[in-house]
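# Observations on the three-dimensional arrangement
Chain by chain, the residues run as shown.
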Amino acid sequence: MAIAPAAKAAFFDGVCGHEHIKKQLIAALESRRAGHAYIFEGRKGVGRYTTAAAFAKALTGAESVDHPDIITVKNSFFDDTKSDDGALLIDTIRAMKKDAYIKPYSLGKKVYIVPAADTMNIPAQNSLLKLLEEPPEYCTIILIADNASAFLPTIVSRAAVLRFTPLSEKVVEEYLTSKAGIEPYKARLYSVMSGGSIGLALELPGDSQKSQLRDEVLDRFKDLTEGGKSNIYELAKLFRKNKDDSGFMLWALRSVLEDIIKIDSGAKLDILNADKRGIIEDVSKKVDLKTAAALLKTALKYEAYFKTNANYQYLTLCMVQEFWEEIHG
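We now turn to the structure provided with this report. Because the structure is predicted, anything quoted here is derived from the model rather than measured.

## Describing the packing of aromatic side chains
With the rule as written, the count across this model stands at seven aromatic pairs. Taking the centre distance of 6.3 Å and the plane angle of 70 degrees together, the rings of Tyr 38 and Phe 40 count as edge-to-face. One exposure class covers both Tyr 38 and Phe 40, and it is buried. Measuring from ring centre to ring centre gives 5.1 Å for Phe 306 and Tyr 312, while their planes differ by 50 degrees; the resulting arrangement is tilted. By relative accessible area, which is 8% here, Tyr 312 ends up buried. Each member of the aromatic cluster is reached from another via a ring pair, and the members are Tyr 38, Phe 40, Phe 55 and Phe 164. Seen from the ring of Phe 248, Lys 210 lies directly overhead, with NZ or CZ sitting 5.5 Å from the centre.

Here it is, written out as structure tokens:
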């Protein structure tokens, strides 16, 4: 029996945040005017696939994305000798096109969810374009991408582009505590570290590399506060060694400075790096409120500099030298 359009909103109950996108999709369902093609654009882990799966189930009435009329398009799905690592192959798109013109297995709609759609090369996109130009009436295609600009303009023009922005820290934190059973202080830390991505936040507890890097940033900064100009080069070397993670290291440094400001202001119970409270309290004895605020301003300044593609090694050394001078006068 067909599900009433208004009742289909319940399919989105498991989608965290993105209220404007859910309203748009629910409105399309209730008006029975869902499009043939969508691009779900946004960073990994913010809920693009979860929303696509909910939309697919609402469109078809299926209870699960494992239903034969909901197809997640991967290379291995159409050819089990192929790997899902790397780009989506043109042969996969050709097989998808052929399958799309076969009527639904048991439902009135057929939905194709295409993760990593922006890995398609130009020939593969041109092959997909032919399907988008003449889609079967029962077919809906959802392309998931980090950035819609990776697609040919002709593909973008035939799809509704829905942009998934990072989730708020509060939404991520509540999910981690209520759904993943993570301790509140850790959930708060991971929610900030994740940059608004529940997917990334769930990976962080097992990401020893990120945890170790945060520890090293704190240790090298602590050394910097204790004097000795040689410590300038140790912190600069850490930044140079981990250039690809410079954004994360700057976040870690800023979070420490913000915690020092809170401690120096008397808000000792509200620090972000609660698991490093002892070390941060020791550092706060050497860095007063005014100095911490100046260091935070310097960190933000160099974060902007790093994005200009200027000489990274030179900038890291300049940044750490400014830190040392601000701390030691």
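Next comes the rest of the write-up.
## Details of helix H14 (residues 289-306)
The terminal C-alpha atoms of H14, which comprises 18 residues, lie 26 Å apart, in line with the 26 Å expected from a rise of 1.5 Å per residue. Among the residues making up H14, those that are buried are Thr 291, Ala 292, Leu 295, Leu 296, Thr 298, Ala 299, Tyr 302 and Phe 306. End-on, the buried residues of H14 take up no more than an arc of 165 degrees, which puts them together on one face. Residues of H14 that are exposed and point over 90 degrees away from its buried face: Lys 290 and Lys 297. In this structure, the buried residues of H14 make contact with helix H10 (208-225), helix H12 (246-264) and helix H15 (312-328).

## Some remarks on the packing of H10 against H12
Their axes nearest at 9 Å, the elements H10 and H12 cross at an angle of 55 degrees. With respect to H12, the axis of H10 lies oblique. Here the hand of the crossing between H10 and H12 comes out right-handed. Note on element contacts: H12 touches H10 through Phe 248, Met 249, Trp 251, Ala 252, Leu 253, Val 256, Leu 257 and Ile 260, opposite Lys 210, Leu 213, Arg 214, Val 217, Leu 218 and Phe 221. Residue composition of the contact of H10 with H12, grouped by class: 12 nonpolar, no polar and two charged.

## Looking at the pattern of salt bridges
Applying the stated rule across the entire model yields 16 salt bridges. For Arg 220, the salt bridge identified is with Asp 223, shortest N-O distance 3.2 Å. Taken as a pair, Arg 220 and Asp 223 lie in helix H10 at a separation of three residues, close to a single helical turn. Looking at Asp 223, the relative accessible area reads 23%, which means it is partly exposed.

## Quick notes on unusual backbone geometry
In this structure, His 18 takes a positive phi of about 55 degrees despite not being glycine. Along the chain, the position of His 18 falls in the segment before helix H1 (19-30).

Basis of the calculations
- Residues numbered from 1 in each chain as written.
- Predicted model: local features only at pLDDT ≥ 70, side-chain atom pairs only at ≥ 80, totals over all residues.
- Heavy atoms only, no water.
- Phe/Tyr/Trp six-rings, centres within 6.5 Å; stacked < 30°, edge-to-face > 60°.
- Buried < 20%, exposed > 50% of the residue type's maximum accessible area, 1.4 Å probe, protein only.
- Lys NZ or Arg CZ within 6 Å of the ring centre and 35° of its normal.
- Helix = DSSP H or I, 4+ residues; strand = E, 2+ residues; numbered from the N terminus.
- Expected span 1.5 Å × (residues − 1).
- Arc of directions from axis to C-beta.
- Contact = heavy atoms within 4.5 Å.
- Axes fitted to C-alpha atoms, helices over the stretch in contact; angles between N-to-C directions.
- Parallel < 35°, antiparallel > 145°, perpendicular 65-115°, else oblique.
- Left-handed = near helix turned anticlockwise from the far one by under 90°.
- Nonpolar A, V, L, I, M, F, W, Y, C, P; charged D, E, K, R; others polar.
- Salt bridge = Lys/Arg side-chain N within 4 Å of Asp/Glu carboxyl O.

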